[in-house]
Amino acid sequence: MVGSLSRRIVILCALLCLLLALLAGLLLEGSAQTRASLAWVTHSAQVLKTANRAIGHLQRAESGERGFALTHQPEFGETVESAIGDARSAAAELVVLTKDNPVQNERAAQIRALITQRADLLEQISRQTRAGDFGGAQKAVASGQGRYLMQIVDARVSDLVNEERALSKERTETVERRLGYITWLVLAGVPLTMAAIAYTAGSLIRRIRRPVDEMMTVMGLLGAGDRSARVATRMESSEFERLANGYNAMADELETAVADQHESQKRLHGANAELSRNTEILRERGEVIELLGGMAHRMQAARTDEELAAIIRVFVPRVLPEIPGALYAHNNSRNLLVPIAAWGGLDVSAAGFAPDQCWALRRGQSHFVIEADSDIVCTHVGEQTDHYHCEPLLAGGEVIGVLYLKGVVGTENRFRLTVLTENIASALVNHRLQRGLREQTIRDPLTSLFNRRYMEETLALEIARASRSASPLSLVMCDVDHFKRFNDEFGHDAGDAVLQAVAAEMRARFRDGDVVCRFGGEEFTIIAPGTSAATLAARVDAVRRAISELTVNQGGRTLGSMTMSFGIATWEESMERDGSTLIKAADAALYRSKREGRNRVTVDARSEALAA
């Protein structure tokens, strides 16, 4: 009966859709309830996190203020105000988050009030410490009021947290129950749906098998070479009738398709060749990326310019083979592009060149010349080169460097060049940041001299070197005479100006190999490798005379002249390897200069005997 198959399919599918809709509705309802419960669990977690954050910020502010009040070191107080603000903000957020629960909201309000009270007390202590009233601040800290308030805050937060955890546990159990409900729906609904699908499939199979067998027979004949095979039997449904007619039309067009087969195969071979080329390109790019990954990993680990240059010389020729070149980095202080590394036998000038001598840096994009007179030649290249490529290295709009290649970068190497420049630019930025951070950790911010920590590390290394090579090593301890007078008469800014003037003079007077450090306060230390105390004394005395002739001006006023006292000691094998004995010997010589009238150079007695 024509059309009966469609009606049966419609009826069976309608029943199946109804069953699926019922199951989907139940699952959606359970899912919505589960989502709501999970939202409440997330809300509880946010309340717990906010409560812990509020007490954490308050404890951080309390620790910073207590450290500032007790040690007088301003770095302890730098984060107090921000920590207090964060604690207030977290407490206010806690009140907002608990509005859905009156009991928890009341606890949150109490916590906010206690935190506010404690924050006010911390701000009062902060004002005292910043005003220089450290005694009052220490007294306020020692009173115990803050500790008492923190105990109450801890107790209130603990009550709120315990209650919220109980709520979270209850909500989690609700989620588990609803998940169990969804699981039950799945376990019951899926078998029922599968049974309905099986019934539908069986019904359709019975109505489809005979027409399909007929069509398969005809298709078998066609596959065996009988291109005249057609479906002649009347089908039992309009659907299969249309399918049979479509098959017959397809068979009619088969000969036309066979005629076009040769052309299709030809196009297919072309597509396969293109795919093979693309595969080879991807393989090569994968190898380049892997190679550049190893290069980038090593460049990130490089600690010196020499290590970075060695990495560049090894890896760049492998990324861009047979193309000589050089890498220039931008020196901000000199505003020059200075060479870091060169490869492929290319000789470059160590003097570097100015940024405006390179058209790639002027334009902020690649600049290349592939043949004579094809484009403007960069000044730094010279007139003899008729093919080269300059690739700018930029980061955040700032010039980092330039990659110079003496040759033509073909289309196949464009990808390699792009990825290479990105990696090198990133490595140069990282290297610059590491070097800047290293300088900050070893330099005194006021005088720009090396700090005490660097002095102690360097002294231990120089002692080890002197012990191995049996070469002399001397140490100078010195300080500014009557330095307190400058602070008392002119203020601490004047004292800072004096220290900066002294540091600049010593930096200019001592040798490049000598390590000039600020030991602390108005005291300075000079490590002099390869020099005995007797030889060093003349040089130090010249420094002493130069400093005594200095006149320091600050704020439009003249601070007057100054003098310095010096003590010199030479290391010997009987001294401690960490340099402590040598420092004490030089310090003793310094105090001897002080006792004998200041403004003089004194050599340690053992060092004099050693020289004799």
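Structure shown above.
These numbers come from a predicted model, not from an experiment. (Residues numbered from 1 in each chain as written. Predicted model: local features only at pLDDT ≥ 70, side-chain atom pairs only at ≥ 80, totals over all residues. Heavy atoms only, no water.)

A.B. asks: Tell me about the packing of aromatic side chains, and please be specific about residues and values.
C.D. replies: For the coordinates displayed, the defined rule picks out three aromatic pairs. On the numbers, 4.9 Å between centres and 65° between planes, the contact of Tyr328 with Phe353 is edge-to-face. In this pair, Tyr328 is assigned in strand E1 (residues 325-331) and Phe353 in the loop between strand E2 (336-343) and helix H9 (359-363), connecting sequence segments 25 residues apart. By the burial criterion, Tyr328 is buried, and Phe353 matches it. With a centroid separation of 6.0 Å and an interplanar angle of 40°, the aromatic rings of Tyr388 and Tyr404 are classed as tilted. With Tyr388 in strand E4 (residues 388-395) and Tyr404 in strand E5 (residues 398-405), this pair connects stretches of sequence that are 16 residues apart. Just as Tyr388 is buried, Tyr404 falls in that class too. Over the ring of Trp359 we find Arg362; its NZ or CZ atom is 4.4 Å from the centre of that ring. The ring of Phe450 has Arg443 lying over it, and the distance from NZ or CZ to the ring centre is 3.9 Å. (Phe/Tyr/Trp six-rings, centres within 6.5 Å; stacked < 30°, edge-to-face > 60°. Helix = DSSP H or I, 4+ residues; strand = E, 2+ residues; numbered from the N terminus. Buried < 20%, exposed > 50% of the residue type's maximum accessible area, 1.4 Å probe, protein only. Lys NZ or Arg CZ within 6 Å of the ring centre and 35° of its normal.)

A.B. asks: How would you summarise the state of the cysteines if you had to cite specific residues and measurements?
C.D. replies: Considering all chains together, one arrives at zero disulfides under this definition. Summary of cysteine pairing: Cys358 is not part of a disulfide, and the nearest cysteine sulfur, belonging to Cys390, is at 4.0 Å. (Disulfide = S-S within 2.5 Å.)

A.B. asks: Go over the pairing of strand E6 (residues 473-480) with me, naming the residues and quoting the values.
C.D. replies: Burial within E6 is extensive, with eight of its eight residues counted as buried. Of the two faces of E6, the one carrying Leu473, Leu475, Met477 and Asp479 and the one carrying Ser474, Val476, Cys478 and Val480 are both buried. With seven bridges joining them, E6 and strand E8 (residues 523-529) adopt antiparallel strand pairing. Looking across to E8, one finds that Leu473 is bridged to Pro529. Pairing between E6 and strand E11 (residues 564-570): seven bridges, direction antiparallel. Across the sheet, the residue bridging to Cys478 is Phe566, located in E11. (Pairing = 2+ DSSP bridges.)

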